[in-house]
Each structure stands twice: as C-alpha cells, then as structure tokens.
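Single-letter residue listing:
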Amino acid sequence: MQARRLENTGAFEFTPKSFPDHRGLFVAPFQEPAFTEAVGHPLRVAQTNHSVSARNVIRGVHFSDVPPSQAKYVYCPQGALLDVVVDIRVGSPTFGRWDAVRLDSTEYRALYVPEGLGHAFVALTDNTVMSYLCSTPYNPGAEHGINPLDPELALPWDEVDGEPVLSEKDRTAPTLAEAAEQGLLPQYETCLAHYETLRA
C-alpha cells in the first residue's frame, strides 16, 4: 500500500494494491501497518458508517469539536466521488486550503481525515457508496458544518453537472468566516496537541 501526505497537516491518501483474476477482484482498502507507519499511530475504530448518494449529491463540509473530535478513514467501494479535505483549524499555515482526491471502485484509494479537518464529497455517479471508519461514535452535540458552496472556500465542484443536491442542514450551514466568528472552528495548536497524545 502506498501512502501520500496531503498538503493539510495530518491528512493522507492511501492507494492499495488490487488483485483481479477470473473470479473478480480482491483489495484491502485499510491496512493497519501501512496506516500506522504513515500517520504515526494506529486507527481506533469506534463506528463504521455507510452512505449511498445519487449523482451530484454533496455531503459536508462536516467537522466536530476537538477534543475528542472524530477522525475518518474513507473509501468508495461502489461508484465514484470527489473527496475534499478542508483545513478549518484556526492558526494553521494552510487555513482555508483544501485537498481533493478522486475515490472510486476502480483504484480503491482511501483518505485519512484527522481530527479538526473538515470533510466533504460530491458523488460523480448514481448509487455511489462511501464507507467510513470512524475513531469515535457519532456525537450530535459536537457536530458542525460549513456551507460547501461558500464562495470564499471555492471548493472544486466543477464536476457537478447541474444543480448540486444538498441537505437542508448543509445548505444553511455557516460560511467559514461565519463559523470562525461564532467560535465553532478548532484551534490548530489544540489539534496538534491531540495528535501527539494519539502517538504517545
């Protein structure tokens, strides 16, 4: 498995080897030794999530309070999507920047989204499936969102052919600037300290 560090501190892309034969295909999208070597600590899995989206559905930008927040390891076992990781950590040298990676059921790339980063994706095909390994259980009181159509973020939704489909919650979420004004965003130094506790 190949690991690639993304621009936003703590985020990684993982590309596993796949093994096709006359029966079909075998692939291991998550491999703990490769993950631990790249990230510096094992991934605690407290919950798995599974979403199915129609084409042009945008989910996110979602994040949660740090600590404990929720790290996510995500991959696409069916269909195709453009996955986006947004640095929303106040004080980060890459604050407001994003990384985008295509995840699909051809190459089975995966993304690790550490605590404190925002996460969003757009489905590029109907019946696109996203699988999530989550480090903590869902905690609705600590969950937040940023409007994925915030023009200041300028997220790469170019592949949306037609009107993007959003939940009401995502459509009415604050912009990044509004979330900062409301004190919702995590602090970069707090996130770095949290990452160190995971490595200890």
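Report follows, based on the coordinates. (Residues numbered from 1 in each chain as written. Predicted model: local features only at pLDDT ≥ 70, side-chain atom pairs only at ≥ 80, totals over all residues. Heavy atoms only, no water.)

Thoughts on the overall build of the protein
Then step 1. Broken down by element type, the protein carries 4 helices and 13 strands.
Then step 2. Its C-alpha radius of gyration of 16 Å places the protein within 12% of the 16 Å reference for a compact globule of 200 residues.
Then step 3. In terms of principal-axis extent, the alpha carbons of the protein reach across some 55 × 45 × 30 Å.
Then step 4. Split into buried and exposed, the 200 residues of the protein put 51% on the buried side.
Then step 5. For the protein, the share of sequence-separated contacts (at least 6 apart) that also reach a separation of at least 24 residues comes to 79%.
Then step 6. Here the protein displays about 9,700 Å² of accessible surface, and carbon together with sulfur accounts for 51% of that area.
Then step 7. Once the 15 positive and 26 negative side-chain charges of the protein are each reduced to a mean point, those two points are 6 Å apart. (Helix = DSSP H or I, 4+ residues; strand = E, 2+ residues; numbered from the N terminus. Rg over C-alpha atoms; globule rule 2.2 N^0.38 Å. Buried < 20%, exposed > 50% of the residue type's maximum accessible area, 1.4 Å probe, protein only. Contact = heavy atoms within 4.5 Å. Areas by Shrake-Rupley, 256 points an atom, 1.4 Å probe, with all protein chains shown as cover. Lys, Arg positive; Asp, Glu negative; His and termini not counted. Charge placed at Lys NZ, Arg CZ, Asp CG, Glu CD.)

So, the environment of Ala177
Then step 1. Relative to the elements of secondary structure, Ala177 occurs in helix α3 (residues 176–181).
Then step 2. When the C-alpha positions of Ala177 and Leu153 are compared, they lie 9.7 Å apart, and in sequence the two are 24 residues distant.

Considering the sheet that holds strand β6 (residues 58–64)
Then step 1. Ordered by their spatial adjacency, 5 strands build an open sheet running β9-β8-β11-β6-β13, and the pairing between neighbours is antiparallel. Both edges of this open sheet fall to β9 (98–104) and β13 (143–145), since each of them pairs with a single strand only. Taking the axes of each pair of neighbouring strands and ignoring which way they run, one obtains an average angle of 25° across the sheet.
Then step 2. Bridging between β6 and β13 involves 3 bridges; their strand directions are antiparallel. Each residue of the ladder has a partner; that of Phe63, found in β13, is His144. (Pairing = 2+ DSSP bridges. Axes fitted to C-alpha atoms, helices over the stretch in contact; angles between N-to-C directions.)

A few points about the pattern of salt bridges
Then step 1. In total, this model carries 9 salt bridges according to the counting rule given.
Then step 2. Measuring nitrogen to oxygen at the nearest pair gives 3.8 Å for the salt bridge that ties Asp161 to Arg55. Taken as a pair, Asp161 in the loop between β13 and α2 (168–171) and Arg55 in the loop between β5 (47–53) and β6 lie far apart in primary sequence, 106 residues in all.
Then step 3. Among the salt bridges present, the one from Arg109 reaches Glu107, with a minimum N-O distance of 2.7 Å. (Salt bridge = Lys/Arg side-chain N within 4 Å of Asp/Glu carboxyl O.)

Section: unusual backbone geometry
Then step 1. Each neighbour pair has its own omega, and for Gly60 with Val61 the value is 15°, a cis peptide bond.
Then step 2. If you trace the backbone, Val61 turns up in strand β6.
Then step 3. In this structure, the amide linkage connecting Val66 to the following residue, Pro67, adopts the cis form with an omega of -15°.
Then step 4. On the secondary structure map, Pro67 appears in the loop between β6 and β7 (72–78).
Then step 5. The backbone phi angle of Tyr108 is positive, close to 60°, even though this residue is not glycine.
Then step 6. Tyr108 sits in the buried class, given a relative accessible area of 13%.
Then step 7. Notably, Ala154 is not glycine yet its phi reads approximately 50°, a positive angle.

So, the sheet that holds β7
Then step 1. Strand order in the open sheet made by the 6 strands is β1-β2-β10-β7-β12-β5, with antiparallel pairing throughout. Sheet topology places β1 (2–5) and β5 at the edges, where each strand pairs with a single neighbour. On average, each strand axis in the sheet is inclined to that of its neighbour by 20°, with strand direction left out of account.
Then step 2. When β7 meets strand β10 (residues 110–113), the two strands line up antiparallel, connected through 4 bridges. Considered in β10, the bridge of Tyr75 is made with Ala110.

Observations concerning helix α1 (residues 32–39)
Then step 1. Three or more residues of α1 are buried, namely Ala34, Phe35 and Val39. Mapping the buried residues of α1 onto a view down its axis gives an arc of 110°, with all of them on the same face. Residues of α1 that are exposed and point over 90 degrees away from its buried face: Pro33 and Glu37.
Then step 2. On its buried face, α1 is in contact with β2 (12–15), β7, β10 and α4 (188–199).
Then step 3. Directly beyond the C-terminal end of α1, a positive phi value near 105° is found at Gly40. (Arc of directions from axis to C-beta.)

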